[in-house]
Amino acid sequence: MAHAIKFHPGMALLEQYVEGTLTADVALAIAAHVDLCPHCQRLSHDISVDMAAQLEKQPVKTDNDDWGSMLAAITAEPQESKPRKAAPVTLQNVVVNGREFTVPRALQRLAGNHGKWLHLGGIATAKLPAGAEHHVSLLYIGKGTEVPLHTHLGLEMTLVLSGKIVDENGEYCAGDLLINSPDDTHTPRTLANEDCLCLSVLSAPLQFKKGLTRLLNPLQQFFY
Ligand SMILES: [Zn+2]
């Protein structure tokens with residue numbers, strides 16, 4: 001990737017990701033980020049090596065050899081179940097607004113089964129058939145389009161898959177992961193010359209701050 005990814009999930013989330021303690025939907029966003037981010041690939045590898053070492057130090061509270069060898073097998077090569085240098089596969093592309101996007105490996109299966117694209121202004125969204133706890137969707141933002149100012153009733157994770165988003169806090173390119181909490185308010189937009197595809201994981205509907213609530217209500221429904 002030509003540019004450096006600047007916005008990462010951070011150690012706490014990566015550790016939970018490797019431990020497998022995240023909800024499936026949040027783990028999906030982290031997995032897709034890790035697919036795109038060599039830095040976090042190295043970190044999560046290091047975390048899993050550390051965890052395996054920790055587990056090995058713990059006394060096995062049984063003298064059953066089968067159990068011991070099973071544990072050893074589980075902890076020996078934690079990366080083997082998700083090889084990072086996968087053989088080339090036929091990539092599932094996502095087509096929206098006449099544009100074709102390739103999505104990270106972690107999203108391939110879901111992206112092949114996305115819901116109908118719903119268009120509103122320069123924005124389009126398609127639901128992904130992912131877990132029940134969050135709303136997971138592909139979010140397409142056309143060139144020179146602004147998503148109205150909003151806060152978050154819950155967690156909002158946006159992973160840029162292609163193109164670029166700009167908001168009050170910075171500029172986000174492919175691979176960058178934006179995590180917004182209920183305290184954050186922002187107005188993400190695209191630049192005039194480039195559209196953008198994102199993965200969006202929402203734990204609650206967005207709350208729009210500007211304009212007539214009555215008019216924005218449909219937009220809130222649209223995003224969730
Ligand atoms: Zn990263």
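Residues numbered from 1 in each chain as written. Predicted model: local features only at pLDDT ≥ 70, side-chain atom pairs only at ≥ 80, totals over all residues. Heavy atoms only, no water.

### Concerning the overall build of the protein chain
In step 1: On a plain count of helices and strands, the protein chain comes out with 6 helices and 13 strands.
In step 2: Looking at the protein chain residue by residue over its 224 residues, the buried ones come to 43%.
In step 3: Considering only residue pairs separated by 6 or more positions, the protein chain has 62% of its internal contacts joining residues 24 or more positions apart.
In step 4: Summed over its atoms, the accessible surface of the protein chain is roughly 12100 Å², and 53% of this surface lies on carbon and sulfur atoms. (Helix = DSSP H or I, 4+ residues; strand = E, 2+ residues; numbered from the N terminus. Buried < 20%, exposed > 50% of the residue type's maximum accessible area, 1.4 Å probe, protein only. Contact = heavy atoms within 4.5 Å. Areas by Shrake-Rupley, 256 points an atom, 1.4 Å probe, with all protein chains shown as cover.)

### Focus on the pairing of strand β5 (residues 135-141)
In step 1: When you tally the buried positions in β5, you get 7 out of 7 residues, the bulk of the element.
In step 2: Across the two faces of β5 the burial is the same, with H135, S137, L139 and I141 and V136, L138 and Y140 all buried.
In step 3: Where strand β4 (residues 123-127) meets β5, 5 bridges bridge the pair, whose relative direction is antiparallel. By the bridge assignment, A126 is partnered in β5 with L138.
In step 4: Summarising the sheet, β5 and strand β12 (residues 196-202) pair through 7 bridges and their orientation is antiparallel. Paired with H135 across the bridge in β12 is L202. (Pairing = 2+ DSSP bridges.)

### Brief notes about the confidence of the model for the protein chain
In step 1: Looking at the protein chain as a whole, the pLDDT averages 81, with 72% of positions reaching at least 70.
In step 2: With pLDDT under 50 throughout, residues 211-217 is counted as low confidence; its partners more than four residues away or in other chains account for 4 contacts. (pLDDT = per-residue confidence, 0-100.)

### Digging into the nonpolar core
In step 1: Core analysis: the largest hydrophobic core is formed by 39 residues, its most contacted members being Y17, I30, W117, M157, L161, L197 and L199.
In step 2: Examining the composition of this core, we find that 9 residues originate from one element, helix α2 (residues 24-36), more than from any other.
In step 3: Shared between two domains, this core takes at least three residues from each, and those domains are domain 1 (11-76) and domain 2 (93-223).
In step 4: Residues I141, V160, Y172 and L178 belong to the second largest nonpolar core, which totals 10 residues. (Core = buried A, V, L, I, M, F, W, Y, C linked by side-chain atoms within 4.5 Å. Domains from an automatic or database assignment.)

### Quick look at the coordination of the zinc ion
In step 1: Taken together, H8 (ND1), H33 (NE2), C37 (SG) and C40 (SG) make up the protein donors of the zinc ion, found 2.0 to 2.4 Å from the metal.
In step 2: Between the 4 donor atoms coordinating the zinc ion, the angles at the centre fall across 98 to 118°, so the site counts as tetrahedral.
In step 3: For the zinc ion, all donor residues lie on one chain, and their spacing in sequence is H-x24-H-x3-C-x2-C.
In step 4: What makes C40 buried here is its relative accessible area of 1%. (Donors = N, O, S within 2.8 Å, 3.2 Å for Na, K, Ca; no water. Tetrahedral: all angles 85-135°; square planar, octahedral: opposite > 155°, others 65-115°.)

### Brief notes about the packing of aromatic side chains
In step 1: All told, the structure shown has 2 aromatic pairs when counted by the stated rule.
In step 2: Here the aromatic rings of F7 and Y172 are separated by 4.6 Å at their centres, their planes lie at 55°, and the arrangement is tilted. Of the two residues, F7 sits in the segment before α1 (11-19) while Y172 sits in strand β9 (residues 170-173), which places them 165 residues apart along the sequence.
In step 3: For F7, a relative accessible area of 26% puts it in the partly exposed group.
In step 4: Between the aromatic rings of F101 and Y140, the centroid separation amounts to 6.1 Å while the plane-to-plane angle is 55°, which identifies the pairing as tilted. Note that F101 is positioned in strand β2 (residues 99-102) and Y140 in strand β5, a separation of 39 residues in sequence.
In step 5: A residue is classified by how much of its surface remains accessible, and F101, at 3% relative accessible area, is buried. (Phe/Tyr/Trp six-rings, centres within 6.5 Å; stacked < 30°, edge-to-face > 60°.)

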